[in-house]
Structures are given as structure tokens and as C-alpha cells.
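Listed here are the chains, written in short residue letters.
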Amino acid sequence: MGDYKNHYAETGIGLCNNFSDLQKVNRAKEGEMKERSRLDMRMRKFVHYATRYKEHLNSVDLDMKRGEQLKSQISFIVSRSNNKYTLSEFEFMNEIIELVCKARRALANTYSMRFFMTGKRKKAFFDFIQADLELSLEALSRCLVKDITEYIEMGADKSISLKEDFFKFKVNACQIRGAVETHFIKVLGQIKGDFPEVKEDLTDEGKDSSDDESGPVTKASVQWTCYICTTKNEKDRETCMVCSAPRTIT
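Residues numbered from 1 in each chain as written. Predicted model: local features only at pLDDT ≥ 70, side-chain atom pairs only at ≥ 80, totals over all residues. Heavy atoms only, no water.

1. Observations concerning unusual backbone geometry
So, point 1. Non-glycine residue Asn-82 carries a positive phi angle of around 55 degrees.
So, point 2. With respect to the helices and strands, the residue Asn-82 is situated in the loop between α3 (30-79) and α4 (91-116).
So, point 3. One non-glycine residue, Lys-158, lies in positive phi territory at about 70 degrees.
So, point 4. Mapping Lys-158 onto the fold places it in the loop between β1 (152-154) and β2 (160-162). (Helix = DSSP H or I, 4+ residues; strand = E, 2+ residues; numbered from the N terminus.)

Shown next, in the form of C-alpha cells:
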């Protein structure tokens, strides 16, 4: 670090506990500066993934509150339907609420996995399927924000009946729920298995200390998964090759 007698003249404060002061006077060793840069990048990564983790857990609370609102609406419809409907007609909504909450918690935990992950290609593949999971989950979440009172009509006897559109919504919501559940089970299984299909290039070893990652990845990492039927599609396709669902969910 040099002669302590010269610290005051060089730093202006006579102390060397502040690393930036040492950088200003070029007293910091090159290795120390590189280490500080590496640690700074790692801290930024930690903050990023910790924030995403927290945001998803916060979303679970919001989904649960929305679920309670839906249950209240369902109870109102059943009570005013003059025995035309029972709670079993709406059980699919409870299943969606449960799956959304479970999926959000699972997705939140993938961010801690990503922070500790090594391997340039595995990281690239992981980022792709993680984003894919986000799209699938948001497609299902849209079923929860739907105001189901839009599907009711009042009869002459003041009893409530469900419009035909409700049953169309139910069929579509159940299809999305089944597809998302299958998708999550498959992808989380891949994550648990540490992506055996992704082979690292030996020349990439030791180059994953930062997230400035580019370069060749496996074919799987440039495909996208249909949120309806979970079919893998080539990156250039805008619609699913099996069910024709659009790549981008609007």
C-alpha cells in the first residue's frame, strides 16, 4: 500500500479505508480494482434477482386477494340463481387460483437458482425458458382479473342466469390451465435436472463471471413454447405449428 507517511499528501485525509480514494491516487493494486469490479457486478446481479423474487411473492398476495374477490362474486351468483347453479360450476376458478399461486412461488424460486448458476449456455437457455414461464403464467393470471359478473343477466323473477359467453370463457380458461400446468411441470423438471441436453463449449469455461453473455446456444434455446398446447416452435414462427395460437399473448 506504500509508505503511510505519504497517505495524507496523496489522499488529502490521511486515511486509506476508502477504496475510491486509493483509486484516485493510483495506489490501489490492479488485482484489487478488478476484484472490486467483480464484486460490484455480483452485487448488482444479487439485487436484480432478489428484486424479481420479491416481486413475484408480492404478486402471490395480490392473486390471493383477487381470488377472495372471485369467491365472493361466485357465492353471490349461486345464492341469486334460484338453484340453477352450484359452487361446483365454478370449481375451475378455485383450481386456477391455486395453480397461479403455486406457479408464482415456483417461478420466484427460479431466480435464486439463476443467481448461483454457472455455464454460459445453461444461463442463456435458463433465461429463455424462464421468460417462457412468465408468459404462460401471465396468460393464466388474466383469467383471474376477469370480472365474471359481466357474464350474468337478471331474469324477470330477479334471479341470476349465466350467459353463453361464461361457458366459452370456462372452456378456454380450463384449456389454458391444463397447458400451463403441463408446461410448468415439464420446465421445472428440466431445471431440477440441470439441463442435461445443454452442452457447454469448453472454450467458454471461466468466462461466466459476468452476465454479459452472448454467443452460440443450443437449438432449444432459440425455440419458443406455445402457452396453449406447449408445442416447441421454431423462433421464426409467429403462430404455433399445432394449434395456431399466437406467439405473443395480448
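2. Side note on the confidence of the model for the chain
So, point 1. Averaged over every residue, the pLDDT of the chain is 78; residues scoring 70 or more account for 74%.
So, point 2. A low-confidence stretch, residues 13-19 (pLDDT under 50), is modelled with 11 contacts involving residues beyond four sequence positions or located in other chains.
So, point 3. Per-residue pLDDT stays below 50 along residues 209-221; that stretch engages in 22 contacts with residues further than four places along the chain or on separate chains. (pLDDT = per-residue confidence, 0-100. Contact = heavy atoms within 4.5 Å.)

3. Comments concerning the environment of Arg-121
So, point 1. By secondary structure assignment, the location of Arg-121 is in helix α5 (residues 120-144).
So, point 2. Of the residues examined, Arg-121 reaches a relative accessible area of 16% and is grouped as buried.
So, point 3. Spatially, the C-alpha atom of Arg-121 lies 5.9 Å from that of Glu-200, the residues being 79 residues apart in sequence. (Buried < 20%, exposed > 50% of the residue type's maximum accessible area, 1.4 Å probe, protein only.)

4. What about the packing of aromatic side chains?
So, point 1. Under the defined criterion, the tally for this structure stands at 11 aromatic pairs.
So, point 2. A centroid spacing of 5.4 Å and a plane angle of 25 degrees characterise the contact between Tyr-151 and Phe-169, whose relative ring orientation is stacked. Highlighted residues: Tyr-151 in the loop between α5 and β1 and Phe-169 in helix α6 (residues 164-192), separated in sequence by 18 residues.
So, point 3. On the basis of relative accessibility, which here comes to 10%, the residue Tyr-151 falls in the buried class.
So, point 4. Exposure remark for Phe-169: the relative accessible area of 10% places this residue in the buried category. (Phe/Tyr/Trp six-rings, centres within 6.5 Å; stacked < 30°, edge-to-face > 60°.)

5. What to know about the pattern of salt bridges
So, point 1. Per the stated rule, a full pass over the model turns up 13 salt bridges.
So, point 2. For Glu-134, the salt bridge is made with Arg-52, and the minimal N-O distance between the two is 3.1 Å. Here Glu-134, found in helix α5, pairs with Arg-52, found in helix α3; they are 82 residues apart in sequence, far enough to count as distant.
So, point 3. Among the residues examined, Glu-134 registers a relative accessible area of 16% and is labelled buried. (Salt bridge = Lys/Arg side-chain N within 4 Å of Asp/Glu carboxyl O.)

6. As for the packing of α5 against α6
So, point 1. Between α5 and α6, whose axes approach to 9 Å, the crossing angle comes to 155 degrees. What the angle tells us is that α5 and α6 run roughly antiparallel. Considering only the axes of α5 and α6, their crossing is left-handed. In this structure, α5 contributes Phe-125, Phe-126, Ile-129, Asp-132, Leu-133, Ser-136, Leu-137, Ala-139, Leu-140 and Cys-143 to the contact, and α6 contributes Phe-169, Ala-173, Ile-176, Arg-177, Val-180, His-183, Phe-184, Val-187, Gln-190 and Ile-191.
So, point 2. Looking at side-chain class alone, the contact of α5 with α6 contains 15 nonpolar, three polar and two charged residues. (Axes fitted to C-alpha atoms, helices over the stretch in contact; angles between N-to-C directions. Parallel < 35°, antiparallel > 145°, perpendicular 65-115°, else oblique. Left-handed = near helix turned anticlockwise from the far one by under 90°. Nonpolar A, V, L, I, M, F, W, Y, C, P; charged D, E, K, R; others polar.)

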